[in-house]
Structures are given as structure tokens and as C-alpha cells.
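In case you want the letters, here they are:
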Amino acid sequence: MARRIAVFGAGYIGLVTGACLAELGHTVVVRDIAEDKVAALRAGRVPIYEPGLAELIAAHAERLTFTLDADEATAEAEVVYVCVDTPPTASGDADLSRVWAVVDSAKRAAHLKAFVVKSTVPVGTGARIRAVLDTAGLAQVGYGSNPEFTAEGRAVRDFMRPDRIVIGAFDEATAALVAEIHEGVDGPVITMDVPSAEMVKLTSNAFLATKISFANEIANICETTGADVTKVLGAVGADHRLGKHFLHAGIGWGGSCFPKDAVALKALASNGGYHPQILTDVIEVNNHQRRRAVTRLKDEIGPLTGKTVAVLGMTFKPGTDDMREAPSTVIVDRLLSEGASVVCWDPMARTPAHAPWTAIRRAESVEEALSGAHAAMVVTEWPQLEAVDWRLAAESMAAAVLFDGRNVLEPERMAECGYTYISVGRATVRP
Ligand SMILES: NC(=O)C1=CN([C@@H]2O[C@H](COP(=O)(O)OP(=O)(O)OC[C@H]3O[C@@H](n4cnc5c(N)ncnc54)[C@H](O)[C@@H]3O)[C@@H](O)[C@H]2O)C=CC1
Ligand SMILES: O=C(O)[C@H]1O[C@H](OP(=O)(O)OP(=O)(O)OC[C@H]2O[C@@H](n3ccc(=O)[nH]c3=O)[C@H](O)[C@@H]2O)[C@H](O)[C@@H](O)[C@@H]1O
């Protein structure tokens, strides 16, 4: 049954949620507080890049509208979906101020059937919101936790064909309503209590981050033993009990969620009096992995003062324009601290208007970035790198040294093209 839904937040998750709910037949009003975002969306421009999103928004213009006004968004709505950001506070706990702002808006909408939180929140948040709604005389408004597992760059596909739809609720009617909203989505529904649903989200991200940090630790051990991490983890991942996904070694994980959610889960554990040792180490291995990339380059070419280093890729992964917690930020910062000049290439990132990005030069192409450089570092595995004429590029460099932080290039081929090729967890090869 088609419902009227108010989505709060027009970011990566809010826009994908709004567009996909419209695709499922619902009438959706998306509300944001950022005037420029709402103005752009109303003018038919999508302020973020996510494959297929702009097309979906355009296709459903009649039942997908945008507003700055919270009361206008909830006026006709049966369900509120909370998709606002939950960044870390100075203490590492998730900042829920934006979620509470939406709760305040919902307090003025006693006609709502359900208040559903999709934002990633600490376990216990649903119970607190439930209590506030009850105190405000809104006991009849159901509470749902419906965490999101989409990955950027494939979010529309992930939303429409998820591995699972997790629904936490305090009552069966709300769980049934949230499940019904997903009719048409190709994935199994798993229903549970609210704290468990909140914990599923944090655990999933922490487990994925753990796999990557473990892969990176094994890669670092491979470097000291002569083993090749891609061969090792390829065969390890062939065991169906372990799985091949998220075992790709490199310069570590970044993005808008793994870093903040790992820290938030750690804070949650500490608040409850437990020291999460594995999670602590997962975070530490990741922090070290980015710095190690620059150390390994220095080990090869010596002091970086006066040298130019080309950084290939800025976003935290390919297929997105998202620069939040991108490993490139730490790498560029370290290169500049070591006295290098930095030239960056990325097909999609907008150069952030703050340090260290204000101190770099931006190149229009990989070839332009490499020309005259004393070394290059692959930081994001953009597919454009496959099309580069690496032999020609090597000739244009002051020194053909390449650190592949994502293990995307073939060592033998790079040596043939004239490079000293350093990668993660594999032997360095020379021309
Ligand atoms: N980005 C991702 O791939 C994923 C994000 N999540 C979670 O989803 C939540 C949202 O993340 P993103 O979309 O990436 O954040 P975002 O920062 O891209 O978007 C959040 C939006 O909420 C708006 N906002 C803030 N207060 C508001 C209010 N009171 N009313 C209406 N809008 C308001 C902001 O202006 C912003 O446009 C976070 O909790 C995140 O952890 C979960 C899964 C995946
Ligand atoms: O909560 C979230 O926001 C989302 O976080 C991640 O999605 P996302 O951050 O978009 O990106 P991923 O594809 O998971 O990659 C995260 C980071 O890990 C790195 N990574 C990934 C996989 C791998 O094998 N090795 C590796 O270093 C990527 O380069 C990237 O920096 C999860 O995959 C989603 O399920 C989740 O919903």
C-alpha cells in the first residue's frame, strides 16, 4: 500500500531513501535544513553523486518533493524517516542533536503512524526516543529502527536489492508497517527488538572494518616474510566460512561511516564499563596503515624535502565524490609535513577548502600529475588508472617510483614499464 512519508535529511542516505521509497510507489517529501541543497533539488539538480540517483529523482518528480519546512513535511505524512547525520562528538560518542531536532518536529505531528530512524545511532537511542514521544503524549506513534547497510557508489542498487532489511520495533504493528513500506524490495526482512536492530548496524560496520584491518596486518607480515598478500588472502577467502569480501589489503578504510561508527561502538562499550580490545586494535591498525604508506615511500626514495609526489585519487573509494575521512587526507598531510610538494588527481572529488588541501596543486589528468614527479602514490583505485599509458608516463617522471596503496596494478607489468613498484603486502619490483 502506498504511504505518505516524510524523510528528514537530504544527504547520501536521505536522498537514496527518498528516491527509492518513491520508486516503490510512496509519496515522499524530503526535508533538509540546508537552503542550498533544497534549492538545488527543487531546481532538478542533485547535490551529490550516486549512480542512478539523479535519474530516479527525475523519474519520480511528481511524488518526490523537497522542502525546508519541517511542518510542511509532516503535515500529510503517515511516517517520518530520520536520515540526518550523526557525526562523532569530541568524546567519540555519536552526536544525536540532529536526531533530537527531528523528534521535536515530530512532536507537533500527533497524526503520525510511525517514527522510523535510519540514521546510525548508539544502542539505547530508540528507547530514549520512545520515552520522549510517550511523555509528549504520542504513545500512539510507533517507533521503528530501520538501519541502512547501503555502500556509497552502489546505494540505489543496495537499497532495492539488499542482503537483508533489518527492522526493530517495540510493537508488532510498527514492525509490520515498516515491512509493508518495503514491499517491492528484493530482500529478506529480519525483525527484532529495537536495541538489537541498533546493534546490528554498528556490529556490521565494525566487522567489515575488522576484516580489512586484519587483511592489512597480514599484508604487513607478508612484507617481512616474502609472501604475497593477494595470493594469500585470495586463497584464504576461498574458504566459504571466511569469505573473500573485504579482505583487500591497502592503505586502510575511510569514509563517512567506518571511522565514526568504530569509534562510536568503542565509546558505547566504554560507557558500559567494557574495554573493547579487538575494536581498539582494528582502529589502531587502520590509523597506522596510512602513515606506513608514506614511510615505505621514504624508505625507497629517501627524504622527501624538495621532491614532488603525485597522489592519484582523493576520495575514500572510487565511484563517489565523498571526501569524508578519506585516507588521502592523512597521506597528503604526511607528505607535506615531510617537505614534499604534492600534486593530486581525482576525477570526481572537489578540493576541500581547508588544510592540507589548500597546499596542493590539482592536476586535470593522471598524466599531468605524473609529469615531473619524483614519485606517485595510488590512493584510490579509480578505473581510469587502467587506461593510463604507464610506459609513457614513466618517461615523463623525474623518477619512476610508484607506491600502489590499493594493489590494483600488475607488479610485473609496472616493472616492464620502467617503475620501481611498491605495493602493500607484496615484494617491491624494479625495472
Ligand atoms: N553515507 C552512507 O553511505 C551511510 C550513512 N548511514 C548513516 O545515515 C546517516 C546519514 O548519513 P549521510 O546521508 O551520509 O549524511 P549527510 O551528511 O550526507 O546528510 C545528512 C543531511 O541531514 C541534514 N539535516 C541535519 N539536520 C536536519 C534536520 N533537523 N532536518 C532535516 N535535515 C537535517 C543535513 O543538512 C544533511 O543534508 C548517518 O547516521 C550515517 O551514519 C548509514 C549507512 C550508509
Ligand atoms: O554505514 C555506512 O555508511 C556504510 O559503510 C560501508 O560503506 P562505504 O563506507 O560506502 O564503503 P565501503 O565500500 O564499505 O568501503 C569503506 C572503506 O574500506 C576500504 N576497503 C574496503 C574493502 C576492502 O577489502 N578493503 C578496503 O580497504 C575502502 O577503500 C573504503 O575506504 C559499508 O560497506 C556499508 O554496508 C555501510 O552501510
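Calculation criteria
- Residues numbered from 1 in each chain as written.
- Chains lettered and ligands numbered in written order.
- Predicted model: local features only at pLDDT ≥ 70, side-chain atom pairs only at ≥ 80, totals over all residues.
- Heavy atoms only, no water.
- Near = heavy atom within 4 Å.
- Polar contact = N/O pair within 3.5 Å; in protein donor to acceptor, adjacent residues only side chain to side chain.
- Areas by Shrake-Rupley, 256 points an atom, 1.4 Å probe, with all protein chains shown as cover.
- Helix = DSSP H or I, 4+ residues; strand = E, 2+ residues; numbered from the N terminus.
- Nonpolar A, V, L, I, M, F, W, Y, C, P; charged D, E, K, R; others polar.
- Domains from an automatic or database assignment.
- Core = buried A, V, L, I, M, F, W, Y, C linked by side-chain atoms within 4.5 Å.
- Buried < 20%, exposed > 50% of the residue type's maximum accessible area, 1.4 Å probe, protein only.
- Contact = heavy atoms within 4.5 Å.
- Pairing = 2+ DSSP bridges.
- Expected span 1.5 Å × (residues − 1).
- Bend = angle between axes of the 7 residues up to and from the residue.
- Axes fitted to C-alpha atoms, helices over the stretch in contact; angles between N-to-C directions.
- Buried area = accessible area lost by both parts, 1.4 Å probe.
- Salt bridge = Lys/Arg side-chain N within 4 Å of Asp/Glu carboxyl O.
- Phe/Tyr/Trp six-rings, centres within 6.5 Å; stacked < 30°, edge-to-face > 60°.
- Lys NZ or Arg CZ within 6 Å of the ring centre and 35° of its normal.
- 1 Å grid on protein atoms, 1.4 Å probe; cavity = no way out; pocket = protein on both sides within 12 Å on 5 of 7 lines; lining within 4 Å.
- Points joined across faces, edges and corners; volume = space filled by probe spheres on them.

By nearness alone, 26 residues border ligand 1, and Ile 13, Asp 32, Lys 37, Thr 86 and Lys 260 come closest of all. Between ligand 1 and the protein, one listed contact pairs an oxygen atom with a side-chain N or O atom of Thr 86 at 2.6 Å. Ser 256 is positioned with one of its side-chain polar atoms (N or O) 3.5 Å from a nitrogen atom of ligand 1. Bound to the protein, ligand 1 loses 92% of the 840 Å² it would expose on its own. Among the secondary structure elements, those contributing two or more residues to the shell around ligand 1 are helix 1 (12-23) and helix 5 (97-107). Considering only residue class, the shell around ligand 1 consists of nine nonpolar, seven polar and ten charged. Looking at which domains feed residues into the shell around ligand 1, each of domain 1 (4-192) and domain 2 (193-431) supplies at least three.

Counting 38 residues, the largest nonpolar core has Leu 21 and Tyr 81 as the members making the most contacts within it. No other element matches the seven residues that helix 1 contributes to this core. Excluding anything up to four places from it in sequence, Tyr 81 contacts Ile 5, Ala 6, Val 7, Phe 8, Thr 17, Leu 21, Val 116, Lys 118, Asn 146, Val 178, Ile 181 and His 182. Grouped together as the second largest cluster of nonpolar side chains are 33 residues, Val 311, Val 332, Trp 357 and Val 424 included.

Attention now moves to the sheet that holds strand 14 (residues 420-423). Ordered in space as 11-10-9-12-13-14, the six strands form an open sheet in which the pairing is parallel. Of all strands in the sheet, those with a lone pairing partner are strand 11 (361-362) and strand 14, marking the two edges. Note that strand 13 (residues 401-404) and strand 14 share four bridges and pair parallel. Within strand 14, the residue paired with Leu 402 across the bridge is Tyr 421.

Here helix 12 (residues 277-301) is 25 residues long and its end C-alpha atoms lie 36 Å apart, about the 36 Å a rise of 1.5 Å per residue gives. Its maximal kink placed at Arg 291, helix 12 deviates by approximately 30°. Among the residues trailing helix 12, Gly 302 stands out with phi positive, at a value near 80°.

Okay, the sheet that holds strand 4 (residues 79-82) next. As summarised here, the arrangement of the eight strands in space is 3-2-1-4-5-6-7-8, forming an open sheet in which the pairing is mixed. The sheet terminates laterally at strand 3 (64-67) and strand 8 (189-192), the two strands that pair on one side only. The mean inter-strand angle of the sheet, taken between neighbouring strand axes irrespective of direction, is 25°. Both strand 2 (residues 27-31) and strand 3 contribute to a ladder of four bridges, which runs parallel. By the bridge assignment for strand 3, Arg 31 is matched with Thr 67. Contacts from helix 8 (residues 172-181) reach strand 1 (4-8), strand 4, strand 5 (114-117), strand 6 (142-145), strand 7 (165-169) and strand 8 within the one sheet, and its direction differs from that of strand 7 by about 155°. Contacts between helix 9 (residues 194-225) and the sheet are confined to strand 6, strand 7 and strand 8, with strand 7 contributing the most and set at about 145° to the helix.

A common measure of how large an interface is: the accessible area buried when the components associate. For the protein chain, the domain assignment lists domain 1 (4-192) and domain 2 (193-431). Domain 1 and domain 2 are separated by 32 Å when their C-alpha centres are compared. With 33 residues of domain 1 at the contact, the number on the domain 2 side is 28 residues. Among the residues of domain 1 in contact with domain 2, Val 123, Glu 152 and Met 192 are the three that bury the most area, contributing 27% of the side total. Here domain 1 and domain 2 share one salt bridge between them. Between Arg 324 and Glu 152 there is a salt bridge, and its shortest N-O distance comes to 3.6 Å.

Turning our attention to the packing of aromatic side chains. Taken as a whole and assessed by the stated rule, the structure comprises five aromatic pairs. With 5.9 Å between their ring centres and 45° between their planes, Tyr 143 and Phe 170 make a pair best called tilted. Separated by 27 residues along the polypeptide, Tyr 143 in strand 6 and Phe 170 in the loop between strand 7 and helix 8 bring together distant segments of the chain. A relative accessible area of 0% places Tyr 143 in the buried class. Ring geometry for Trp 390 and Tyr 419: centres 5.9 Å apart, planes at 75°, overall edge-to-face. One end of the pair, Trp 390, is in helix 15 (residues 390-396); the other, Tyr 419, is in the loop between helix 16 (411-416) and strand 14, with 29 residues separating them in the sequence. Across the pair, exposure class does not vary: Trp 390 and Tyr 419 are buried alike. Taken together, the ring pairs in this structure connect Phe 115, Tyr 143 and Phe 170 into an aromatic cluster. Sitting over the ring of Phe 149, Arg 164 keeps its end group 3.8 Å from the ring centre.

Moving on, we come to empty space enclosed by the protein. Across all of its chains, the model carries three cavities of 30 Å³ or more by this definition. Counted as a void, the largest cavity has a volume near 60 Å³. Around the largest cavity sit Thr 86, Pro 87, Pro 88, Gly 92, Ala 94, Thr 120, Val 121, Pro 122, Leu 202, Lys 260, Asp 261 and Ala 264, which together line it. For the lining of the largest cavity, the leading source of residues is helix 11 (residues 258-271), giving three residues.

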